[in-house]
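Understanding the architecture of this molecule
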Amino acid sequence: MKGALAVCLRDIQKFLGQPVLMVSTIVGPFLTLILLGSAFGGAITHAPIAIVQESFGPYSSNFIENLRNLQTCQFGGIDCQNSFQVTDVADLETAQQMLHAGLVKAIVYIPLGFDDALAANSKVIITIILDNTDPLSAAAIGPEISQAGQQLSSLVQTTPADSSSMTFDLEYAYRNVLYIEFMAPGTFVQAIMFVSIIAGGVQLVVDKERGIIEGYLVTPLKKYEIVLGVLLSGVFKALFSAVTVFTLSILIAGVRPMSVFPIPNVGEIVLTMITLFLTALGLIAMMTAYAVRSTSADLYRVTCFPINLILYYTSGAIYPLNGMPVWMQKVSVINPETYAVSALRLLMYKSAGIQAVIGDFTFLAVFTGLMLTLAIVAFRRAI
Amino acid sequence: MQTFDITKKFGDFTAVDHLNLKIKHEVFGLLGPNGAGKTTLQRMLVTVMIPTEGTATVAGADIVREADKVRERIGVVTQASTLDIELTAMQNMNLYGMYYGIPRAERQEKIKELLKVVGLADRANIRVAGYSGGMKRRLEIVRALVSSPQILFLDEPTTGLDPQARAAVLEYVERIHKDHGITLVITTHYLDEAENLCDRLAIVDHGKIVAEGSPTELKRKISGGDIIEADFLSLPSTALVALQKAEFVLNVKKRDGGLTILVKNGAEAVPKIVSLVDANGGKLRTIALRELTLDDVFLEVTGRSLRE
């Protein structure tokens, strides 16, 4: 056991002696968080839209006023800005040309007789034409225009409405979680994966090439002590990077986990750490098993790149799993990162407690056990 | 240390072939051309490779059944450096001591003492990356001594070092043997090194020992004579034949521009060779008498020069 601690100490001392390596395992995932998190999922502001108004009256002008004043913060934007930049266009044909030329993202068409029909409390239709070659903008703009319309319909309902009309009462169960927060857990897992690849696995392959592992074997160190030491130091390094990215995400990226804000919840933080620990042990063991089986460091590095990509993108870290094609969903089912991300989200944004994450924990524990066995077997065989 | 018919086969290839060797408390050199089996032999002796057949006792323990005991009692310095250059000399030594489970206080004291021995005490807390090649080697050698081994295996300890660094390393190696009373097993390419350093030598070729003994014994065993190097301006074939047939000549070998002649008695042979060549119409450029070196021995028993 003491031998394992010595092997572990060696790796940690080496890690601390290579600040560049240390920092690079943090910078990568953190940049992903900042860049991807800020570039995607932000509320679309000042989207240019054209309004073709053929009916003039209190209702239509109220509706247009609503559109002009709609603020992004009503949809989870970080700061309040106008959602739309409205242009009045004389006729539908001109508006369509503008849409075609990319000058506007959508056309709102208020047909002749709109105000009269509303006054008479009969059915009205506002046509919205969306530029769906930009799917993300279209997906955001459509509902926002409807939102302005809903404000209008509440106005309409002050007049006696027909009894058959149905209304929905939409409630949000939690505060709005920003996209950057949504994807943050994935970047903690990325930090662990980066360490597993560059500080854990490659170092082992290099040690093997340099004869360090054979150097271990002429000392009284037992093989299991060597594996244990390598795994222990890997987990330490991975947790170091993941916790650093976690802290930076709060300090710089504006991530606000419920487990920390407004009052830190020790139970949830401990569960978060357990998730990170299980993930780290599982991924380190996986990459260790792979590394000792690799014949050269170059081959190992080249193959790690796609492995990391597949695990990251099928984990649901950056987009909901339900939005993925079936084959990706199938991969995600056996992807340990899926369960890590899921557990982290539950704990961070819902403070959901142990009973909510027990399923994720079970998968991670089984996966980790399997990978540990694999790592030990591979290590014994290769050395 | 003793081997008993130790053998290692890789498929059809026999790297070490029923080799028997006994090493006492001494400095022992293993010589041999590349691929002769000396590295395989050493890897078996330090327990990282299991023999196909036979066994050996190292420091009183069996290398197969009691590998753990062997590991506790030996030190190994491999040819390729296994130092962690990101760490300091102190850290490198300290970790090594931990592998052997040496208690902290004892470890610290031992390390200080050893670093002093090889003149690295004042650089103990500098990262090894900043060391010269010779310093690294010295550190690596004393690192293997942290565990106070009974036998120290050194694989090509001076390869890649400049002459000055080489001399320093050899000086420390010699001191280690004298002061610490450790048996040294050295594999080397450098014959002068082997000749000066080793009490006894074994020349290994094709997985077997082809010659064994002290450097002086080895040389005597081969010849009992002297070497004459002769260069010629002209050498008719009649002169060459006459030399080969002369009763005082033991062996004649051709080399670039001349002959290497092994004779019974050098002082008597020189004037005889001069007159013999003269009588057969040849012309000498130079003729010199020199002592037998280990390279001659090596050439004789393996048919190859180690320098090639």
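Residues numbered from 1 in each chain as written. Chains lettered and ligands numbered in written order. Predicted model: local features only at pLDDT ≥ 70, side-chain atom pairs only at ≥ 80, totals over all residues.

1. A closer look at helix H11 (residues 294-302) of chain B
Here is the rule: To assign burial, the other C-beta atoms lying within 10 Å of each residue's own C-beta are counted, with C-beta atoms placed from the backbone; 20 or more indicates buried, 12 or fewer indicates exposed, and intermediate counts indicate partly exposed. Only runs of H or I of at least four residues qualify as helices and only runs of E of at least two qualify as strands under DSSP, and these elements are numbered from the N terminus.
Those residues of H11 of chain B that fall on the buried side of the exposure criterion are Leu294, Asp296, Val297, Phe298 and Glu300 of chain B. Count one or two residues on from H11 of chain B and you reach Gly303 of chain B, which has phi positive near 75°.

2. Observations concerning the confidence of the model for chain A
Residues and elements named next belong to chain A. Selection rule: The pLDDT value tells you how sure the predictor is about a given residue, anywhere from 0 up to 100. Whether two residues are in contact is decided by their C-beta atoms, placed from the backbone, lying within 7 Å.
Residues of chain A with pLDDT of at least 70 account for 92%, and the chain-wide mean is 86. The secondary-structure element of chain A with the lowest mean pLDDT is helix H6 (residues 135-156), recorded at 75, while helix H13 (residues 336-350) shows the highest, at 94. The low-confidence segment residues 157-165, where pLDDT is below 50, has 1 contact with residues more than four positions distant or belonging to other chains.

3. Topic: the environment of Met258 of chain A
Residue and element names in this part refer to chain A. Within the element layout of this structure, Met258 appears in the loop between helix H9 (223-251) and helix H10 (266-293). Linking Met258 and Val205, residues 53 residues apart in sequence, is a C-alpha distance of 41 Å. Filtering out sequence-adjacent residues up to four positions away, Met258 remains in contact with Met348, Tyr349, Lys350 and Ser351.

4. Some details on the sheet that holds strand S8 (residues 183-187) of chain B
All names here are of chain B. Here is the rule: The rule for pairing is simple: two strands pair if DSSP sees at least two bridges between them. Under this scheme, a helix contributes an axis fitted over its contacting stretch, all axes are lines through C-alpha atoms, and angles between N-to-C directions fall in the 0 to 180 degree range.
With respect to topology, 6 strands assemble into an open sheet ordered S6-S7-S8-S3-S9-S10, the strand pairing being mixed. Of all strands in the sheet, those bounded by a partner on one side alone are strand S6 (74-77) and strand S10 (208-213). Ignoring which end each strand starts from, the neighbouring axes of this sheet average 15° apart. Along the sheet, helix H1 (residues 38-45) makes contact with strand S3 (27-31), strand S7 (151-155), S8 and strand S9 (200-205), crossing S7 at roughly 150°.

5. A look at the nonpolar core
Our working definition: A set of buried residues drawn from Ala, Val, Leu, Ile, Met, Phe, Trp, Tyr and Cys, joined through C-beta atoms within 7 Å, is what defines a nonpolar core.
Residues Phe188, Ile192, Ala242 and Ala280 of chain A together with Phe153 of chain B are the most contacted members of the largest nonpolar core, which totals 151 residues. If sequence neighbours within four positions are ignored, Ala280 of chain A has contacts with Ile192, Val235, Ala238, Leu239 and Ala242 of chain A. Core analysis: the next-biggest nonpolar cluster, separate from the first, contains 25 residues, Ile44, Ala47, Ala106 and Ala148 of chain A among them.

6. Quick look at the interface of chain A and chain B
Stated precisely, the cut-off is as follows: Amino acids are sorted into nonpolar (Ala, Val, Leu, Ile, Met, Phe, Trp, Tyr, Cys and Pro), charged (Asp, Glu, Lys and Arg) and polar (every other residue, Gly among them).
Each partner contributes residues to the interface: chain A has 19 residues there, and chain B has 19 residues. For the side of chain A that touches chain B, the elements supplying multiple residues, two or more each, are helix H1 (2-16) and helix H8 (212-217) of chain A. The greatest single-element share of the side of chain A that touches chain B, amounting to 7 residues, is contributed by H1 of chain A. Its residues placed into classes, the side of chain A that touches chain B shows 7 nonpolar, 7 polar and 5 charged.

7. Regarding the packing of H1 of chain A against H9 of chain A
Residue and element names in this part refer to chain A. Note the cut-off: Working definition: roughly parallel below 35 degrees, roughly antiparallel above 145 degrees, roughly perpendicular at 65 to 115 degrees, and oblique for all remaining angles. Handedness of a crossing is defined here by the sense of rotation of the near helix relative to the far one, left-handed for an anticlockwise turn of less than a right angle and right-handed for a clockwise turn.
It is at 7 Å that the axes of H1 and H9 come closest, and there the two elements cross at 40°. By the criterion of interaxial angle, the relationship of H1 to H9 is oblique. The crossing of H1 and H9 is right-handed. Two secondary-structure elements touch here, H1 through Gly3, Ala4, Leu5, Ala6, Val7, Cys8, Asp11, Ile12 and Phe15 and H9 through Glu225, Ile226, Leu228, Gly229, Val230, Leu232, Ser233, Phe236 and Lys237. Among the residues forming the contact of H1 with H9, the class breakdown is 12 nonpolar, 3 polar and 3 charged.

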